[in-house]
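# Chain and residue survey
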Amino acid sequence: MKYGRIITKERLKYYEVADNVFAAISPNRGLSWANAGFINKGKGLVYDTFFDLPHARELKRFCVEMGGRAPTYVVCSHYNADHTWGNQEFSDSVIIMHKNAVREHFSEDPKAWDSIIREGQNGGPGEQWIHNELKGFDLTGVRWQDPDILIEANTKIMLNDMEVDVISVAPSHSDSDLLLWLPKEKVVFCGDVVFGGAIAYSAKGIKLWTGALDFIINELKPEVVIPGHGAICGLDFVKECKDYFETVMSEFEKHYDEESSALEIAKRCDISRFLHLLEPYRLFINILALTNDRRGVPTKPDWNYFAEEMAKLKEFQDQKYGVQSWDPMSSWAE
Ligand SMILES: [Zn+2]
């Protein structure tokens, strides 16, 4: 892939993917190490604002350095903390979200996450796992910043002569997913609709999600794809994400039985083609959701349980496949 300017700062590496269109890429260290975007045209637009204020401040400084001012518009890919908790740093901008984000965000509490960052090493296995994934973040002062504009239909924003389409693909990864599509430049910012290591919480969720991936593949046909986490990619990776979900579904169908636990079923599922994706043992949560679905049981977000079982699947996968350790800096490779 050819880039214009590539500018490395302390926390983020900025790639110019089209004229004055920047992808702000984090090292892919795991949970919450998200990406964002900045379009330095017209009144300026930021897509996503990261998990903590140090990342948001660095992004804002970059915008001012490039454009001479803070952006007028902030569009959030969805409600999740790692894409919205920097919003207060942009409180003078017009913050745009899908209307469902306002309801969904109540499931995430900055104080609870802050205490896991500070003390999670003393907690149960789930808290320890999250604590290790989040090392390097500082949630001091984070609070939810309410959006200014709520949308549910596709919306066009003009940045001088540049057309920017905000496209709703909700529900897919969440109930509030918005893509940012630049039709002339053929660049799409996807938030967590595209990233390696995806977790869905129901069979219906997986189906809707693959539908959104189909839309990107067959309708948008982008040349540059910025995922919610990990390195800038192209359509091949979007197809791979879809292939992953289809493989999870078909392996589940092959290996499901009434008596087995989700972990036992997950161990039988062959995802050996996808071991290069971040934390392939996340498969456990997908298989648990499908198993519970089949048995008519809801899947509660119990991270202590998830982490205990994921550790067992990790050990199994490491032995069976010799899984290589993940390089977080691979997202900065070029
Ligand atoms: Zn995310």
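Residues numbered from 1 in each chain as written. Predicted model: local features only at pLDDT ≥ 70, side-chain atom pairs only at ≥ 80, totals over all residues. Heavy atoms only, no water.

## Some points on the nonpolar core
- If you look at the biggest cluster of nonpolar residues, it comprises 86 residues, and the most contacted ones within it are Leu-59, Leu-179, Val-194, Ile-216, Leu-283, Phe-284 and Ile-287.
- The leading source of residues in this core is helix α7 (residues 235-255), at nine residues.
- In this structure Phe-284 touches Ala-262, Leu-263, Ala-266, Tyr-305, Phe-306, Glu-309, Met-310 and Leu-313, once residues within four positions along its chain are discounted. (Core = buried A, V, L, I, M, F, W, Y, C linked by side-chain atoms within 4.5 Å. Buried < 20%, exposed > 50% of the residue type's maximum accessible area, 1.4 Å probe, protein only. Helix = DSSP H or I, 4+ residues; strand = E, 2+ residues; numbered from the N terminus. Contact = heavy atoms within 4.5 Å.)

## Describing the UniProt feature "domain: Metallo-beta-lactamase" (unreviewed entry) in the chain
- According to UniProt, the "domain: Metallo-beta-lactamase" (unreviewed entry) feature falls on residues 33-229.
- The straight-line gap between the two end C-alpha atoms of residues 33-229 is 6 Å; of that span, 30% is helix and 22% is strand. (UniProt positions renumbered as here; feature names shortened; annotations may be inferred.)

## Examining the sheet that holds strand β4 (residues 36-39)
- Taken together, eight strands build an open sheet; the order of strands is β1-β2-β3-β4-β5-β6-β7-β8 and the sheet is mixed. On the outer flanks of this sheet lie β1 (6-8) and β8 (149-151), each paired with one strand and no other. Going from strand to strand, the sheet's axes swing by 20° on average, the running direction of each strand aside.
- Strands β1, β2 (13-18), β3 (21-25), β4 and β5 (45-47) of the sheet are contacted by helix α1 (residues 53-67), whose axis makes an angle of about 20° with β4. (Pairing = 2+ DSSP bridges. Axes fitted to C-alpha atoms, helices over the stretch in contact; angles between N-to-C directions.)

## Brief notes about the side chain of Gln-88
- One can find Gln-88 in the loop between α2 (81-84) and β7 (94-98).
- A distance of 3.2 Å separates the side chain of Gln-88 from the backbone oxygen of Gly-141, its partner in a polar contact. (Polar contact = N/O pair within 3.5 Å; in protein donor to acceptor, adjacent residues only side chain to side chain.)

## So, the pattern of salt bridges
- Under the criterion given, the structure shown has 21 salt bridges.
- Of the charged contacts, one joins Asp-114 and Arg-118 as a salt bridge, the two residues approaching to 3.0 Å between their closest N and O atoms. Residue Asp-114 and its partner Arg-118 are located together in helix α4 (residues 110-119), separated by four residues, close to a single helical turn.
- Assessed through its relative accessible area of 17%, Asp-114 is described here as buried.
- Residue Asp-165 is joined to Lys-156 by a salt bridge in which the shortest nitrogen-to-oxygen separation is 2.7 Å.
- Overlapping salt bridges, with partners in common, bring together Glu-10, Arg-11 and Glu-58 in one network. (Salt bridge = Lys/Arg side-chain N within 4 Å of Asp/Glu carboxyl O.)

## Quick notes on the layout of surface pockets
- Within this model, the largest pocket holds a volume of roughly 1100 Å³.
- Taken together, 39 residues make up the lining of the largest pocket; nearest its centre are Tyr-79, Asn-80, Glu-108, His-173 and Tyr-201.
- Broken down by secondary-structure element, the contributors of at least two residues to the lining of the largest pocket are α2, α3 (101-104), α4 and α6 (203-220).
- Residue contributions to the lining of the largest pocket peak at four residues, all from α6.
- Within this model, the second largest pocket holds a volume of roughly 500 Å³.
- Elements with a contribution of two residues or more to the lining of the second largest pocket: α5 (125-133) and α10 (303-321). (1 Å grid on protein atoms, 1.4 Å probe; cavity = no way out; pocket = protein on both sides within 12 Å on 5 of 7 lines; lining within 4 Å. Points joined across faces, edges and corners; volume = space filled by probe spheres on them.)

## Quick word on the coordination of the zinc ion
- With distances of 2.0 to 2.3 Å, the protein atoms coordinating the zinc ion are Asp-82 (OD), His-83 (NE2), Asp-192 (OD) and His-229 (NE2).
- Here the zinc ion binds four donor atoms, and the angle range of 89 to 155° at the metal identifies the geometry as irregular.
- Counting along the primary sequence, the residues that act as donors to the zinc ion give the motif D-H-x108-D-x36-H. One end of the pair, His-83, is in helix α2; the other, Asp-192, is in the loop between β12 (187-191) and α6, with 109 residues separating them in the sequence.
- Overall, the relative accessible area of 0% leaves His-83 in the buried class.
- Judged by its relative accessible area of 3%, Asp-192 falls in the buried class. (Donors = N, O, S within 2.8 Å, 3.2 Å for Na, K, Ca; no water. Tetrahedral: all angles 85-135°; square planar, octahedral: opposite > 155°, others 65-115°.)

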